[in-house]
Amino acid sequence: MKPEETSSMLAICVDNTGYEMSLERRKVYPVLPDESAARSNYVRVVDERGEDYLFPARRVVLIPVSREVEAAVLREA
């Protein structure tokens, strides 16, 4: 994948311990860039209502994707 094509991130929840009401294991979430949060080992994810929240980075696996892939994955059926 060319660098210019990798402009979005998705997060897959791998551990929702302590966040069961907010995160679902194996669910894919869009990620908002947040340098301040990243310096503190947090990730800003967006839920299905469009609200964004900070979670410890160890709870998710980040996957760089193109905007096209992000749109396809997050498109509602």
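Here, every reference points to the structure presented above.
Only a predicted model underlies this, so the values are computations on that prediction, with no experimental measurement involved.

Novice: Would you mind going over the environment of F55 with me for this structure?
Specialist: As for its placement among the helices and strands, F55 is situated in strand β4 (residues 52-56). Given a relative accessible area of 6%, F55 falls into the buried group. When the C-alpha atoms of F55 and N41 are compared, they prove to be 8.7 Å apart, with 14 residues separating the residues in sequence. Residue contacts for F55: discarding those within four places in its chain leaves Y19, S22, L23, N41, Y42, V43 and V45.

Novice: Sorry, what's going on with a nonpolar patch on the surface here?
Specialist: Together, V14, V61 and I63 make up a nonpolar patch on the protein surface, roughly 200 Å² of accessible area in all. Structurally, V61 can be placed in strand β5 (residues 60-65).

What counts and how
Residues numbered from 1 in each chain as written. Predicted model: local features only at pLDDT ≥ 70, side-chain atom pairs only at ≥ 80, totals over all residues. Heavy atoms only, no water. Helix = DSSP H or I, 4+ residues; strand = E, 2+ residues; numbered from the N terminus. Buried < 20%, exposed > 50% of the residue type's maximum accessible area, 1.4 Å probe, protein only. Contact = heavy atoms within 4.5 Å. Patch = residues over 30% accessible without salt bridge, like charges linked within 9 Å, V, L, I, M, F, W, Y side chains within 5 Å. Areas by Shrake-Rupley, 256 points an atom, 1.4 Å probe, with all protein chains shown as cover. Salt bridge = Lys/Arg side-chain N within 4 Å of Asp/Glu carboxyl O.

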